[in-house]
Amino acid sequence: MLVTDALLAFIVAATLLTLTPGLDTALVLRTATVEGGKKALHAALGINAGCFIWGAMVAFGLGTLIAVSELAFNILKWCGALYLCWLGIQMIVRPSQSLAGETASSPIKTQNWFIRGMLGNVLNPKMGVFYVSFLPQFIPQGHSPVLWIFGLVSIHILLGTIWSLLLIYATRPLSHLLRRENVIKWMNRATGGLFLFFAFKLVLSRR
């Protein structure tokens, strides 16, 4: 995969992932609506910090491991493919129809919104598994996994920040749109289909 192709493919995939209603969107949206834009921005920055922490763990741990061990690469490849496949099927067959319960299920009770956003990501093992199975697919052959993972995470964070700012500065119209049942179902199913595609792509990949 060429560098340009890898970046374009990742930007498309990460953009769709970012726009899909989930815990992060619900947290920023509800914080902006109830607590105000400043606290919502703190939550968004915390979410970004959580993404960066997971990216660092993947880059310096599993990223290095898959670069030197074919066995580790194959194990992670199949585990990641199965996880993406399971996640994609769940999103297609049983898509969420509302944002209700997204934030209610969070165990983080602190009112420091930066900490809440950060811990919401750091304490979510699905985020780590997703990064492990998703990010390596966009690393061109012969390039440093560590540098590329940090670069891809930075792109993901940038897209997330832009989306969070749009939610904050257009809370009312966007919150009404995102709470529509059909919109949420469509976004979940579209993202589920994308996950299945990347699961298949991951199975065919070679170190």
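Quick notes on the rules
Residues numbered from 1 in each chain as written. Predicted model: local features only at pLDDT ≥ 70, side-chain atom pairs only at ≥ 80, totals over all residues. Heavy atoms only, no water. Core = buried A, V, L, I, M, F, W, Y, C linked by side-chain atoms within 4.5 Å. Buried < 20%, exposed > 50% of the residue type's maximum accessible area, 1.4 Å probe, protein only. Helix = DSSP H or I, 4+ residues; strand = E, 2+ residues; numbered from the N terminus. Contact = heavy atoms within 4.5 Å. UniProt positions renumbered as here; feature names shortened; annotations may be inferred. Phe/Tyr/Trp six-rings, centres within 6.5 Å; stacked < 30°, edge-to-face > 60°. Expected span 1.5 Å × (residues − 1). Arc of directions from axis to C-beta. Axes fitted to C-alpha atoms, helices over the stretch in contact; angles between N-to-C directions. Parallel < 35°, antiparallel > 145°, perpendicular 65-115°, else oblique. Left-handed = near helix turned anticlockwise from the far one by under 90°. Nonpolar A, V, L, I, M, F, W, Y, C, P; charged D, E, K, R; others polar. Patch = residues over 30% accessible without salt bridge, like charges linked within 9 Å, V, L, I, M, F, W, Y side chains within 5 Å. Areas by Shrake-Rupley, 256 points an atom, 1.4 Å probe, with all protein chains shown as cover. Salt bridge = Lys/Arg side-chain N within 4 Å of Asp/Glu carboxyl O. Polar contact = N/O pair within 3.5 Å; in protein donor to acceptor, adjacent residues only side chain to side chain.

## Some thoughts on the nonpolar core
- If you look at the biggest cluster of nonpolar residues, it comprises 30 residues, and the most contacted ones within it are Phe10, Tyr131, Phe134, Leu135 and Ile149.
- Every element with two or more residues in this core is listed here: helix H1 (3–19), helix H3 (37–68), helix H4 (70–93), helix H6 (125–134), helix H7 (145–169) and helix H9 (181–204).
- Top contributing element to this core by residue count: H7, with seven residues.
- Contact partners of Leu135, with chain neighbours within four places excluded, come to Phe10, Phe130, Ile149, Leu152 and Val153.
- If you look at the next biggest cluster of nonpolar residues, it comprises twelve residues, including Val28, Leu29, Trp163 and Leu167.

## Focus: the environment of Leu2
- Tracing the chain through its elements places Leu2 in the segment before H1.
- Sequence separation between Leu2 and Ile139 is 137 residues, and the spatial gap between their C-alpha atoms is 9.1 Å.

## What to know about the UniProt feature "transmembrane region" (unreviewed entry) in the chain
- Taking the numbering used here, the UniProt-annotated feature "transmembrane region" (unreviewed entry) corresponds to residues 46–68, 75–93, 113–134, 146–166 and 186–204.
- Helix makes up 100% of residues 146–166 and strand 0%, with an end-to-end C-alpha separation of 30 Å.

## What to know about the environment of Phe114
- Tracing the chain through its elements places Phe114 in helix H5 (residues 113–122).
- Taking the relative accessible area as the measure of exposure, Phe114 reaches 33% and is therefore partly exposed.
- In this structure, the C-alpha to C-alpha distance between Phe114 and His42, residues 72 residues apart in sequence, is 4.7 Å.
- The residues contacting Phe114, other than those within four sequence positions of it, are His42, Ala43, Leu45, Gly46 and Ala49.

## Structural notes on the packing of aromatic side chains
- Tallied over the entire structure, the rule returns five aromatic pairs.
- Ring centres of Phe10 and Phe138 lie 5.3 Å apart, and the angle between their planes is 75°; on these two criteria the pair is classed as edge-to-face. On the criterion of sequence distance, the pair formed by Phe10 in helix H1 and Phe138 in the loop between H6 and H7 is long-range, its members being 128 residues apart. An identical accessibility class is assigned to Phe10 and Phe138; each is buried.

## Considering H1
- For H1, which comprises 17 residues, the first-to-last C-alpha distance of 24 Å matches the rise-based estimate of 24 Å (1.5 Å per residue) to within 8%.
- Every buried residue belonging to H1 is among Ala6, Phe10, Ala13, Ala14 and Thr18, and all of these are buried. All buried residues of H1 project into a common sector of 135° when viewed along the axis, lining one side. Relative to its buried face, H1 has exposed residues pointing more than 90 degrees away, namely Thr4, Leu8 and Val12.

## What to know about the packing of H1 against H7
- Contact pair H1 / H7: the axes reach a minimum separation of 10 Å and the direction vectors enclose 40°. By the angle between their directions, the pair H1 and H7 is classed as oblique. Crossing hand, H1 versus H7: right-handed. Between H1 and H7, the residues in contact are Val3, Ala6, Leu7, Phe10, Ile11, Ala14, Thr15, Leu17, Thr18 and Leu19 and Trp148, Leu152, Ile155, His156, Leu159, Gly160 and Trp163, respectively.
- Here the residues of the contact of H1 with H7 sort into 13 nonpolar, four polar and no charged.

## What to know about a nonpolar patch on the surface
- There is a patch of nonpolar side chains on the surface, built from Leu41, Leu45, Phe114, Leu165 and Tyr169 and spanning about 470 Å² of accessible area.
- Those elements that provide at least two residues to the nonpolar patch are H3 and H7.
- Residue position: Leu41 is located in helix H3.
- Take Leu41: its relative accessible area is 33%, and that puts it in the partly exposed class.

## Description of H5
- Buried within H5 are the following residues: Trp113, Arg116, Gly117, Met118, Gly120 and Asn121.
- For H5, the capping residue at the N-terminal end is Asn112, with a side-chain oxygen 3.2 Å from the backbone nitrogen of Phe114.

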